[in-house]
There are 2 protein chains.
Amino acid sequence: MEDTIEQKEIPDIVVGRLPMYLRSLQRMAQEGRQVTSSQELGEKLGISAAQIRKDLSQFGEFGKQGTGYNIEFLVEQLRQILHVDRDWEMAVIGAGDIGSAVARYKGFANRGFKVSMIFDNDPSKVGSKVGDFTVQENGCMSDAIQKAGIRLAMIAVPATHAQDVADQLVKAGVKAILNYAPVSLNVPSDVHVQYIDPAIHLQRMTYYL
Amino acid sequence: MEDTIEQKEIPDIVVGRLPMYLRSLQRMAQEGRQVTSSQELGEKLGISAAQIRKDLSQFGEFGKQGTGYNIEFLVEQLRQILHVDRDWEMAVIGAGDIGSAVARYKGFANRGFKVSMIFDNDPSKVGSKVGDFTVQENGCMSDAIQKAGIRLAMIAVPATHAQDVADQLVKAGVKAILNYAPVSLNVPSDVHVQYIDPAIHLQRMTYYL
């Protein structure tokens, strides 16, 4: 049944809100909460209750009129829908400040991800430890990723190298890239890219100041 | 004239694309380029040329039919529109891996921002150096931010402390917060918040895998 549901084309903007719903619900669950409502969720997230009900209804019937949502059940459903009811292994490319921070980041636990290798092209970094990982040289990247069947990677290299790294990742079978380099990447249409660039976020706010 | 233009209500989604246009144009300028087109920009960014022309036309006449956009001129216009034709001072709260990486981040140069102070509540970190900055204790935060007239801050503290820090920042006069803590913040309506949470970006992609 899940497959049937997913064959329906869901707008990407709706997909983009699901991780925020999941994060809020997981936090409520951690606090020992059992039931919530689209109103409460909406207030926490700054999204209207009607929007939340509409988004969730695209994937099934998760709540009952008047009784709200069972948090544990909805968490499980969202984890399945987003395919994070497992741990995806990830490669980190670039062992500078940002790559190292990401490789050591504790916030992936329980959210579907774990870093399992890190690479850099700087000989002074190769062989050193970042958290639990030994930095490997970029030359090993394709082989190691292919052998491990890794499909997710994070790019944290200078902007000038990011496209080259992305090309290697795509050849090695990576299908989703989180790019911390402040540059747009060209990848085949079956490869997903998301961007994290703090200056972009900040500029979006200074417009209003 | 600029003020008149800005009084027109521009959809937030349009505002959100301007920083990406600016980043691409600045990169072209760095490469010594002088002219571009909405087609070229669109290909780089995965946005239609028509959308780009429509977005930019909301702010004025920046290109001529057939001759394209003068890159330097459009960069200057976008910097003015986004209010990054200056350097905004920023406070970083949290001197852990992420806060430290952000405080040392070189990528803010020429994009309108510079970090000018960093705080932490861990006595073992207070007084230590992060890049050019000495970590100050959280107790000094409100005073220091108020005195310096700082209006932008980045939160890089654990999720459990983020709301408390946000409340202090708002009281100190901060109007825009970039939040790295994986939790939604409640702030007054005149305070802007943007979120950076790598797990959210990753989950948005695993949906499609």
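Everything here concerns the structure above.
Small disclaimer: the values here were computed from a predicted structure and weren't measured.

Asks: Can you tell me about the relation of the copies chain B and chain A, naming the residues and giving the values?
Replies: When chain B is fitted onto chain A, the two copies agree to an RMSD of 0.0 Å after a turn of 180° and an axial shift of 0.0 Å. The superposition operator between the copies reduces to a two-fold rotation axis. Comparing interface residues between copies, 100% of those in chain B also sit at the interface in chain A, which points to an isologous, same-surface contact.

Asks: Go over the pairing of strand β9 (residues 152–155) of chain B with me, naming the residues and quoting the values.
Replies: Residue and element names in this part refer to chain B. Judged by which residues are buried, β9 turns out to be covered on both faces: Leu152 and Met154 on one side and Ala153 and Ile155 on the other are all buried. Of the pairings in the sheet, the one linking strand β4 (residues 88–93) to β9 comprises four bridges and is parallel in character. Within β9, the residue paired with Met90 across the bridge is Leu152. Bridge count between β9 and strand β10 (residues 176–179): four bridges; the pairing is parallel. Paired with Leu152 across the bridge in β10 is Ala176.

Asks: I'd like to hear about the packing of aromatic side chains, residue by residue, with values.
Replies: Enumeration according to the criterion identifies ten aromatic pairs over all chains in this entry. Between the aromatic rings of A:Tyr207 and B:Phe59, the centroid separation amounts to 6.5 Å while the plane-to-plane angle is 90°, which identifies the pairing as edge-to-face. With one member in each of two chains, A:Tyr207 in the segment after α9 (198–206) and B:Phe59 in the loop between α4 (49–57) and β2 (63–64) form a pair that bridges those chains. We classify A:Tyr207 as buried; its relative accessible area is 7%. Members of the aromatic cluster, joined through ring pairs, are A:Phe59, B:Tyr207 and B:Tyr208.

Asks: Provide a residue-level description of the packing of helix α2 (residues 12–30) of chain A against helix α5 (residues 71–81) of chain A, including the pertinent values.
Replies: All names here are of chain A. Closest axis-to-axis distance for the α2/α5 pair is 9 Å, and the angle between their directions is 145°. Of the two elements, α2 crosses α5, and the hand of that crossing is left-handed. Contacts from Leu18, Tyr21, Leu22, Leu25, Gln26, Met28 and Ala29 in α2 reach Ile71, Leu74, Val75, Leu78, Arg79 and Ile81 in α5. Of the residues contributing to the contact of α2 with α5, the split by class is eleven nonpolar, one polar and one charged.

Asks: Give me the sheet that holds β4(B): which residues, what numbers.
Replies: The parallel open sheet is built from six strands, whose spatial order is β8-β5-β4-β9-β10-β11 (chain B). The open sheet has two edge strands, β8 (136–137) and β11 (192–195) of chain B, and neither has a second partner.

Asks: So what about the sheet that holds β2(B)? Which residues, and what values?
Replies: Residue and element names in this part refer to chain B. Reading across the sheet, the three strands line up as β1-β3-β2 and stay open at both edges, with antiparallel pairing between neighbours. The open sheet is flanked by β1 (35–36) and β2, the only strands paired with a single partner. Pairing of β2 with strand β3 (residues 68–70) involves two bridges; the strand directions are antiparallel. Residue pairing in the sheet places Lys64 in a bridge with Gly68 of β3. Helix-sheet contacts for helix α5 (residues 71–81) involve β1 and β3, and the interaxial angle to β3 is about 70°.

Cut-offs and rules
- Residues numbered from 1 in each chain as written.
- Chains lettered and ligands numbered in written order.
- Predicted model: local features only at pLDDT ≥ 70, side-chain atom pairs only at ≥ 80, totals over all residues.
- Heavy atoms only, no water.
- Least-squares fit on C-alpha atoms with pLDDT ≥ 70 in both.
- Contact = heavy atoms within 4.5 Å.
- Buried < 20%, exposed > 50% of the residue type's maximum accessible area, 1.4 Å probe, protein only.
- Helix = DSSP H or I, 4+ residues; strand = E, 2+ residues; numbered from the N terminus.
- Pairing = 2+ DSSP bridges.
- Phe/Tyr/Trp six-rings, centres within 6.5 Å; stacked < 30°, edge-to-face > 60°.
- Axes fitted to C-alpha atoms, helices over the stretch in contact; angles between N-to-C directions.
- Left-handed = near helix turned anticlockwise from the far one by under 90°.
- Nonpolar A, V, L, I, M, F, W, Y, C, P; charged D, E, K, R; others polar.

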